[in-house]
Amino acid sequence: MKTRIRHFWITALPFLVTLGLWRLSAPLWNPGGILAIIPIFYYSFIRPTPWFAPYAGFICFLIDYKSDTVLYWTALYCTFYAANGFQNFIDLTRWDRGGVRAFAIFISIAIGILFFSQFTLANAMRMAWMGAWTCVLYTPIIAILRGHK
């Protein structure tokens, strides 16, 4: 019985953490549930999990809904997922430190596009904060998620 519960917990953990981080949105610390991008990136590209890609696309759609970005995160996720599927040179599952550099590149491109869509000083400060905050929180969240495997 304990092994079934443990197996269920390990299987459900990526889905529950992603939903929890999206749900815990706050204007300064987690605008629009953007921190849910961390487990979405990790469980889609670094440690691919069965049946997680459609769920991640749905959560990206929910992030778009909360952030008032019309299909931005969903399109970005789908584009990166397709590019990752077609590539032959870079294997994200073998990157060290849980793919923190790959995540930093992904989030920097995403936030850079958002910044140039509305070029103001306030938006620059907001995007710099959001990029730095998500990159800093990537390592602790992934360390917690890895500890349960």
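See the structure printed just above.
Residues numbered from 1 in each chain as written. Predicted model: local features only at pLDDT ≥ 70, side-chain atom pairs only at ≥ 80, totals over all residues. Heavy atoms only, no water.

Got a minute to help me understand the overall build of the chain in this structure?
Secondary structure summary: the chain contains 6 helices and 0 strands in total. Mapped from its N terminus to its C terminus, the chain presents α and β elements in the order α-α-α-α-α-α. In terms of C-alpha radius of gyration, the chain reaches 15 Å, essentially the compact-globule figure of 15 Å for 149 residues. Each principal axis of the C-alpha atoms in the chain carries an extent, and together these give about 55 × 35 × 25 Å. Of all 149 residues assigned to the chain, the portion counted as buried reaches 40%. Partitioning the contacts of the chain with sequence separation of at least 6, the portion at a separation of at least 24 is 67%. Per element, the accessible surface of the chain, about 9,100 Å² overall, is 72% carbon and sulfur. (Helix = DSSP H or I, 4+ residues; strand = E, 2+ residues; numbered from the N terminus. Rg over C-alpha atoms; globule rule 2.2 N^0.38 Å. Buried < 20%, exposed > 50% of the residue type's maximum accessible area, 1.4 Å probe, protein only. Contact = heavy atoms within 4.5 Å. Areas by Shrake-Rupley, 256 points an atom, 1.4 Å probe, with all protein chains shown as cover.)

Help me understand the environment of Ile111, please; the structure alone is not making it clear to me.
Take Ile111: it is sitting in helix H5 (residues 100-117). With a relative accessible area of 7%, Ile111 lands in the buried category. C-alpha of Ile111 to C-alpha of Leu145: the two residues are 34 residues apart in sequence and 25 Å apart in space. When residues no more than four places from it in sequence are discounted, the contact partners of Ile111 are Tyr72, Met127, Met130 and Gly131.

Explanation requested: the packing of helix H1 (residues 2-23) against helix H3 (residues 52-67) in the structure shown.
When two helices pack together, their arrangement is given by the angle between the helix axes and the distance between those axes. Interaxial distance between H1 and H3 falls to 11 Å at its minimum, and their mutual angle equals 5°. By the criterion of interaxial angle, the relationship of H1 to H3 is roughly parallel. Contacts between H1 and H3 pair Pro14, Phe15, Thr18, Leu19, Trp22 and Arg23 from the former with Phe52, Tyr55, Ile59, Leu62, Ile63 and Lys66 from the latter. Looking at the contact of H1 with H3, its residues break down into 9 nonpolar, 1 polar and 2 charged. (Axes fitted to C-alpha atoms, helices over the stretch in contact; angles between N-to-C directions. Parallel < 35°, antiparallel > 145°, perpendicular 65-115°, else oblique. Nonpolar A, V, L, I, M, F, W, Y, C, P; charged D, E, K, R; others polar.)

Looking at this structure, how should I read the packing of aromatic side chains?
The description of an aromatic ring pair rests on the distance of the ring centres and on the angle between the ring planes. Under the definition given, this model contains 23 aromatic pairs. Taken together, a centroid distance of 5.8 Å and an interplanar angle of 35° make the contact between Tyr77 and Tyr81 tilted. A residue pair is termed a helical-turn pair when its members lie 3 or 4 positions apart in one helix, as Tyr77 and Tyr81 do in helix H4 (residues 72-86) at 4 residues. Under the relative-accessibility criterion, Tyr77 is labelled buried at 4%. (Phe/Tyr/Trp six-rings, centres within 6.5 Å; stacked < 30°, edge-to-face > 60°.)

Explain a nonpolar patch on the surface to me, please; I cannot follow it from the model alone.
A grouping of Phe58, Phe61, Val70 and Leu71 is seen on the molecular surface, where their side chains present a nonpolar patch of about 430 Å² in accessible area. Turning to its location among the elements, Phe58 is positioned in helix H3. (Patch = residues over 30% accessible without salt bridge, like charges linked within 9 Å, V, L, I, M, F, W, Y side chains within 5 Å. Salt bridge = Lys/Arg side-chain N within 4 Å of Asp/Glu carboxyl O.)

Help me out: how do you make sense of the environment of Leu145 in this one?
With respect to the secondary-structure elements, Leu145 resides in helix H6 (residues 121-147). Relative accessible area serves as the criterion here: at 3%, Leu145 is assigned to the buried category. C-alpha of Leu145 to C-alpha of Pro14: the two residues are 131 residues apart in sequence and 8.0 Å apart in space. Once residues within four sequence positions are removed from consideration, Leu145 is found in contact with Leu13, Val17, Pro39 and Tyr43.

Teacher, can you tell me more about the nonpolar core here?
Most often, soluble globular proteins have nonpolar side chains that are buried together. Grouped together as the largest cluster of nonpolar side chains are 42 residues, with contacts concentrated most on Ile37, Ile38, Phe41, Ile59, Ile63, Trp73 and Tyr138. With 9 residues, the single largest contributor to this core is H5. When residues no more than four places from it in sequence are discounted, the contact partners of Ile63 are Trp22, Gly32, Gly33, Ile34, Ala36, Ile37 and Trp73. (Core = buried A, V, L, I, M, F, W, Y, C linked by side-chain atoms within 4.5 Å.)

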